[in-house]
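Each chain is listed here by its residues.
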Amino acid sequence: MIGLEKMKDVEVKKSIPFSPPDISDSEIAEVIQVLKSGWITTGPRTKELEKRLAEFCHTSKVVCLNSATAAEELNLRICGIGPGDEVIVPAYTYTASASAVIHCGAKVVFIDSQPDSIEMDYDKVALAITEKTKAVIAVDLGGIIIDYDKLYAAVESKKNLFKAKEGSDLGARIQQAIGRILVFSDAAHALGARRKGKRAGEIADFTDFSFHAVKNFTTAEGGASTWKDIPGIDNEEIYHQFQLYSLHGQSKDALAKTQLGAWEYDIVGPWYKCNMTDIMAGIGLKQLNRYPEMLARRREIIEKYDVMSDELSIKHLFHYTEDSISSGHLYLTRVPGISDQERREIIIKLAERGISTNVHYKPLPMMTAYKEMGWKIKDFPNAYNYYVNLITLPLHTKLSDGDVDYIIYNFKKIIREYV
């Protein structure tokens, strides 16, 4: 391997993608078996993946779906959240965190970040709670689980304002049983992350995960929902409602209809189509076998990046602390003192050296859809200040040690032109 300080750009020019999927022969062989089985839609492999993910997350049930966005939306619908309700969402996140709320007819209330942080300001969360607030969606960005103790404290501080939905339907009963604003986790990045001994999935009331192609754990597209046990609410009832919502409100799925004489079904609601297929689940089952090793490899890369960032006085996320272990999904760097234009120049210079980078994220009040709803980025200064000098480096398990060295060498060389 060429030493970092001796690298020559012309000698080691590489092409490094930002986040390719890590698919091994094991996943490919499993997909072939699924195709040969004659059962390619939701079936036995999807059910097996749900079972194994529940064991992995230390929860009672998991529902596999076709995306994290669908999972978050169904979490909200299961809990009876809709028109007339308000849901608090960080301004610093990807659009899915907010769009799922809008799909349900509820109103998004954006909250600024804490200074110099990706986490939302918990004091501002408490201040934003009204009698219409039904939920707050936390985002475990980059694979780092947020401080749910502080979030739950903010929610409890305004418990007197909470008004559960009236009635006896499932959503009303969930709200009545919990008796406070619901805490949802957008853990799209965080499968396998832990905080204070608990895994993502067993901390928030309801959690959604993403298995998109760029995620640590992928099923090509895909996602899942899970939840904590709720006193007085049967987990099987919740699971069944997810099945209804995800398959047109059909009272039997295709697997159940294969039983002798079981052709007849009912449509109990004109609902949605967002189920996972067994092809996707087959990929997931083999990914789960490999996942501990994949997480360990991400940690190795992050530790090398941390040394580089500290040497350059570059700000970065802390993925591994006494209290928490990240899933290591994203490596965010922030270059002190540079402007947005200089950040763009750095990204181009890295691309010219074959290194693909990204920015996670442009705050939602800067996006056209949300600006048209009346949101203004000037009201979210901390989110903007975090974004303006941010560069996300490649972090994935297809990176070789040589690739990581190449990224570090070129990043250091370019950044030193600016700091």
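Residues numbered from 1 in each chain as written. Predicted model: local features only at pLDDT ≥ 70, side-chain atom pairs only at ≥ 80, totals over all residues. Heavy atoms only, no water.

Draft legend 1. Geometry of the nonpolar core. Formed by 101 residues in total, the largest nonpolar core has its most connected members in Tyr148, Leu151, Ile174 and Ile238. For this core, the element with the highest residue contribution is helix H9 (residues 278-312), accounting for seven residues. Excluding residues within four positions of it along the chain, Ile174 makes contact with Ile78, Cys79, Leu182, Phe206, Ile230, Ile233 and Ile238. Among the nonpolar cores identified, the runner-up in size contains 26 residues, and Ile314, Val335, Leu399 and Ile415 belong to it. (Core = buried A, V, L, I, M, F, W, Y, C linked by side-chain atoms within 4.5 Å. Buried < 20%, exposed > 50% of the residue type's maximum accessible area, 1.4 Å probe, protein only. Helix = DSSP H or I, 4+ residues; strand = E, 2+ residues; numbered from the N terminus. Contact = heavy atoms within 4.5 Å.)

Draft legend 2. Broad picture of the sheet that holds strand E13 (residues 390-393). Pairing is antiparallel in the open sheet, where three strands are placed in the order E10-E12-E13. Each edge of the open sheet is held by one strand with a lone partner, namely strand E10 (315-316) and E13. As paired strands, E10 and strand E12 (residues 331-334) are joined by two bridges and run antiparallel to one another. Residue pairing in the sheet places His316 in a bridge with Thr333 of E12. Packed onto the sheet, H9 meets E10, E12 and E13 and runs at close to 5 degrees relative to E12. (Pairing = 2+ DSSP bridges. Axes fitted to C-alpha atoms, helices over the stretch in contact; angles between N-to-C directions.)

Draft legend 3. Looking closely at the packing of helix H10 (residues 340-352) against helix H13 (residues 401-415). Taken N-terminus to C-terminus, the directions of H10 and H13 make an angle of 140 degrees; their axes are 10 Å apart at the nearest point. Regarding the angle of H10 to H13, the classification is oblique. Both H10 and H13 take part in a crossing whose hand is right-handed. For the pair H10 and H13, contact is made by Ile346, Lys349 and Leu350 and by Asn410, Phe411, Ile414 and Ile415, respectively. (Parallel < 35°, antiparallel > 145°, perpendicular 65-115°, else oblique. Left-handed = near helix turned anticlockwise from the far one by under 90°.)

Draft legend 4. Region of the structure containing the packing of helix H3 (residues 68-78) against helix H4 (residues 96-103). Between H3 and H4, the least distance of the axes is 9 Å, while the angle of their chain directions is 45 degrees. Relative to H4, the element H3 lies oblique. The element H3 and its partner H4 pack so that their crossing is right-handed. Judged by residue contacts, Thr69, Glu72, Glu73, Leu76 and Arg77 of H3 engage Ala96, Ser97, Ala98, Ser99, Ala100, Val101 and His103 from H4. Its residues assigned to classes, the contact of H3 with H4 comprises five nonpolar, four polar and three charged. (Nonpolar A, V, L, I, M, F, W, Y, C, P; charged D, E, K, R; others polar.)

Draft legend 5. Representation of the side chain of Ser19 within the structure. Position of Ser19 among the secondary structure elements: in the segment before helix H1 (25-37). At 3.0 Å, the side chain of Ser19 and the backbone oxygen of Val214 are in polar contact. Sequence-distant contacts of Ser19, that is, excluding residues within four places in its chain, are made with Ala213, Val214 and His396. (Polar contact = N/O pair within 3.5 Å; in protein donor to acceptor, adjacent residues only side chain to side chain.)

Draft legend 6. View of the packing of aromatic side chains. For the structure on display, the rule yields 16 aromatic pairs. Each ring, one from Tyr305 and one from Tyr331, has its centre 4.9 Å from the other, and the planes form 55 degrees; the classification is tilted. Here Tyr331 lies in strand E12 and Tyr305 lies in helix H9, a separation of 26 residues in the sequence. With relative accessibility at 1%, the residue Tyr331 sits in the buried group. Three or more aromatic residues joined by ring pairs form one cluster here, namely Phe56, Phe211, Phe217 and Tyr291. Above the face of the Phe56 ring, Arg199 is positioned so that its terminal group lies 4.3 Å from the ring centre. Across the ring face of Tyr387, the terminal group of Arg343 is positioned such that the distance to the ring centre comes to 4.6 Å. (Phe/Tyr/Trp six-rings, centres within 6.5 Å; stacked < 30°, edge-to-face > 60°. Lys NZ or Arg CZ within 6 Å of the ring centre and 35° of its normal.)

Draft legend 7. Seen up close, the sheet that holds strand E6 (residues 194-195). Spatially, E7-E6-E11 is the arrangement adopted by the three strands of the open sheet, whose pairing is antiparallel. Strands with a single pairing partner mark the edges of an open sheet, and in this sheet they are strand E7 (198-199) and strand E11 (324-325). Pairing of E6 with E7, which is carried by two bridges, proceeds in the antiparallel orientation. Its bridge partner being in E7, Arg194 is matched across the sheet by Arg199.

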